[in-house]
Amino acid sequence: MAYSTKVLDHYNNPRNVGSFDREDPVIGTGVVGAPECGDVMKLQIKVNKSTGLIEEARFKTFGCGSAIASSSLATEWLKGKSLNEALEIRNTSIVEELALPPVKVHCSVLAEDAIKAAVRDYQQKQGSDEPAAVAVIG
Amino acid sequence: MPEAVDYFAVLGLPRSIEIDLADLEDNYLRLCAAVHPDSHNNAGSAFLEASEEKASLINQAYQFLKDDLSRAEHLLGLCGGPDSSSHRAMAPEILEQQLEWRESLEESPELDIAGLEKHLARAKKDWRELWAIIKSIFPTDSDLAALPAKANLNEIPAPWLKIARELLNHGRFFKGLIRELTERIHKNMII
């Protein structure tokens with residue numbers, strides 16, 4: 001199976017690799033795993049408290065090229081989005097953008113799960129003074 | 001979805017979470033020889049086509065049964081248990097532990113073979129401990145033998161199926177780590 005050029009691009013030049021301080025209150029961290037293949041993904045968002053927008057996103061993914069590309073793309077898409085907009089990112093859009101084959105769809109699911117987990121973590125840190133944006137299913 | 005083929009039956013072995021690898025090897029080689037075209041010089045093309053299909057099934061069964069985790073996956077499927085994409089749950093502390101472990105490995109590119117071997121030994125030990133738990137929750141061999149060839153779709157899944165699923169999900173991460181460490185050790189040996 002050959003990777004698409006977009007996957008290869010993200011794999012060879014991954015965007016926004018790295019970590020933020022997990023204890024920082026403006027950081028939301030999502031750690032997820034794909035039991036299909038044993039990939040582990042950490043995705044973090046940095047939220048500007050006054051605008052409520054995601055200023056920066058970083059990831060670390062230990063897994064295959066498609067998982068790295070999916071999380072790299074996700075961090076690009078997250079920048080400048082509100083938390084609600086972030087929660088609207090669907091794995092199907094990632095599949096489409098990266099032209100992922102059916103056997104690699106779970107990599108995009110992983111990225112979507114990581115976004116949701118990071119947003120949820122941020123919201124939990126903010127406590128009850130901010131209403132939960134959207135109920136996350138699953 | 002229950003498994004369509006029983007790989008144990010394909011290789012003439014009793015259904016069991018732990019198998020004798022020598023028996024597996026013996027049966028595999030015997031069956032391979034039996035369907036090999038060289039043993040059927042005068043056979044027609046239809047027969048040869050059928051034996052090619054059989055050979056591919058035998059190979060597939062062998063690959064699935066020789067690895068402990070994939071054997072457990074197959075058995076769980078035969079019991080009507082969920083596959084990893086339909087039940088993805090796992091303990092968050094296992095995930096965190098895996099992330100921490102992989103990050104620390106990534107941050108130590110200077111690790112030599114001895115250092116990597118130490119990590120590998122720990123990963124293998126963790127897997128063995130998990131495997132012992134996995135083995136203990138699967139049904140006995142006699143219960144497995146009594147399973148219908150195809151699990152009944154309408155049956156309500158027994159609670160152990162979900163627990164087994166989660167343990168196998170954990171296992172996939174230990175296996176991934178063991179594979180990565182082994183690859184890294186090989187690379188170091190070449191350099």
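Criteria and cut-off values
Residues numbered from 1 in each chain as written. Chains lettered and ligands numbered in written order. Predicted model: local features only at pLDDT ≥ 70, side-chain atom pairs only at ≥ 80, totals over all residues. Heavy atoms only, no water. Contact = heavy atoms within 4.5 Å. Buried area = accessible area lost by both parts, 1.4 Å probe. Salt bridge = Lys/Arg side-chain N within 4 Å of Asp/Glu carboxyl O. Polar contact = N/O pair within 3.5 Å; in protein donor to acceptor, adjacent residues only side chain to side chain. Helix = DSSP H or I, 4+ residues; strand = E, 2+ residues; numbered from the N terminus. Nonpolar A, V, L, I, M, F, W, Y, C, P; charged D, E, K, R; others polar. Domains from an automatic or database assignment.

**Student:** Explanation requested: the interface of chain B and chain A in the structure shown.
**Tutor:** Interface size is commonly expressed as the accessible area that is lost once the parts come together. If you look at the interface, chain B gives 14 residues, while chain A gives 18 residues. Both faces considered, chain B and chain A share a buried interface measuring about 1,500 Å² in area, 58% of it formed by carbon and sulfur atoms. On inspection of chain B and its partner chain A, the count reaches six salt bridges. For Lys60 of chain A, the salt bridge identified is with Glu106 of chain B, shortest N-O distance 3.1 Å. Between chain B and chain A we count five residue pairs in polar contact (both at pLDDT 80 or more) in total. Listed by contribution, the elements that provide at least two residues to the side of chain B that touches chain A are helix 5 (92–106) and helix 8 (159–190) of chain B. Broken down by element, the residue count for the side of chain B that touches chain A peaks at seven residues, all from helix 5 of chain B. Its residues assigned to classes, the side of chain B that touches chain A comprises three nonpolar, four polar and seven charged.

**Student:** How do you make sense of the domain arrangement of chain B when you look at a structure like this?
**Tutor:** All names here are of chain B. Considered domain by domain, chain B is made up of domain 1 (7–66) and domain 2 (92–190). One C-alpha centre belongs to domain 1, the other to domain 2, and the line joining them spans 28 Å. In this complex, domain 1 contributes four residues to the contact, which on the side of domain 2 involves 10 residues. Roughly 620 Å² of surface becomes buried between domain 1 and domain 2 when both sides are summed, with 53% attributable to carbon and sulfur atoms. Summed over the three residues of domain 1 that lose the most area to domain 2, namely Arg15, Ile17 and Glu18, the buried surface amounts to 90% of that side. Here domain 1 is connected to domain 2 by one salt bridge. Across the salt bridge formed by Glu18 and Lys135, the nearest N and O atoms sit 2.7 Å from each other. At the boundary of domain 1 with domain 2, the tally comes to three residue pairs in polar contact (both at pLDDT 80 or more). Classifying every residue of the side of domain 1 that touches domain 2 by side-chain character gives one nonpolar, one polar and two charged.

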